[in-house]
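The primary structure of each chain is shown beneath.
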Amino acid sequence: MQPNLVRIPADGDKRAEAILRRIPDTISESFLETLDRRDNVALARYGARQATVALREGSTARLTDALLATAAAELQTPGDPRDLMVGIAVHFVVAERLGVDPSILFNAVADRLPVSSVADLLRQFGARDDISLHAFGWQLVETESGPDFAPDYP
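Predicted model, so just to flag it, every value in this text is computed and none were measured.

K.L.:
What exactly am I supposed to notice about the packing of helix 5 (residues 60-76) against helix 7 (residues 102-110) here?
P.N.:
Closest axis-to-axis distance for the helix 5/helix 7 pair is 10 Å, and the angle between their directions is 50°. The angle between helix 5 and helix 7 falls in the class oblique. Helix 7 is crossed by helix 5, and the crossing has right-handed handedness. Facing L63, T64, L67, L68 and A71 of helix 5, the residues of helix 7 in contact are L105, F106 and V109. Taken together, the residues that form the contact of helix 5 with helix 7 break down as 7 nonpolar, 1 polar and no charged.

K.L.:
I tried to follow the environment of P9 on my own but got confused; where do I start?
P.N.:
Relative to the elements of secondary structure, P9 occurs in the loop between helix 1 (4-7) and helix 2 (13-22). A relative accessible area of 37% means that P9 is categorised as partly exposed. In this structure P9 touches R45 and R49, once residues within four positions along its chain are discounted.

K.L.:
Is there a simple way to explain the environment of R49 in this structure?
P.N.:
Along the chain, R49 falls in helix 4 (residues 37-57). Overall, R49 belongs to the buried group, its relative accessible area being 10%. Remark: the alpha-carbon pair of R49 and N4, spanning 45 residues in sequence, is separated by 6.2 Å. If we skip the residues at most four places from it in the chain, R49 touches N4, L5, I8, P9, A10 and D13.

K.L.:
In this structure, what is going on with the pattern of salt bridges? I would like to understand it.
P.N.:
Side chains carrying opposite charge are able to pair once their charged atoms draw close together. In this structure the tally under the stated criterion is 8 salt bridges. A salt bridge links D36 to R15, with the nearest nitrogen and oxygen atoms 3.8 Å apart. In this pair, D36 sits in the loop between helix 3 (29-32) and helix 4 while R15 sits in helix 2, placing the two residues 21 residues apart along the sequence. Where R15 meets D39, a salt bridge forms, and the shortest distance between an N and an O atom there is 2.6 Å. Taken as a pair, R15 in helix 2 and D39 in helix 4 lie far apart in primary sequence, 24 residues in all.

Basis of the calculations
- Residues numbered from 1 in each chain as written.
- Predicted model: local features only at pLDDT ≥ 70, side-chain atom pairs only at ≥ 80, totals over all residues.
- Heavy atoms only, no water.
- Axes fitted to C-alpha atoms, helices over the stretch in contact; angles between N-to-C directions.
- Helix = DSSP H or I, 4+ residues; strand = E, 2+ residues; numbered from the N terminus.
- Parallel < 35°, antiparallel > 145°, perpendicular 65-115°, else oblique.
- Left-handed = near helix turned anticlockwise from the far one by under 90°.
- Contact = heavy atoms within 4.5 Å.
- Nonpolar A, V, L, I, M, F, W, Y, C, P; charged D, E, K, R; others polar.
- Buried < 20%, exposed > 50% of the residue type's maximum accessible area, 1.4 Å probe, protein only.
- Salt bridge = Lys/Arg side-chain N within 4 Å of Asp/Glu carboxyl O.

Structural data, given as structure tokens:
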């Protein structure tokens, strides 16, 4: 399986960055109503891709934006919480590698969300001490461009 930066399209990154600049201190339902399907796809892809970029750059700010983008996309089109946990396991591991306490990062992002199951999940997941890439189906791979994450299944 190809690593994230190869398999996930980057064509919506600029769109996602523009949305992130517009996100208020606390995301409201009225803000979410301004987002369309293309915005949601851009945010979801950005969130998945930028965790790798954050690791490569050593950037906590980029990691925070990646997790916020992922959470905003999930608020817009909720899915199975287990799928969300699989995705944010990468953010958790990147936080640890950057020397950031995952619970602090995940709580900070959850504090920007409306009261929701997504905010609750972020708080609970960030506080866990049993998160590993392998447990959530990921592997860290070294590419010519630097580290990246790839699904850990055939």
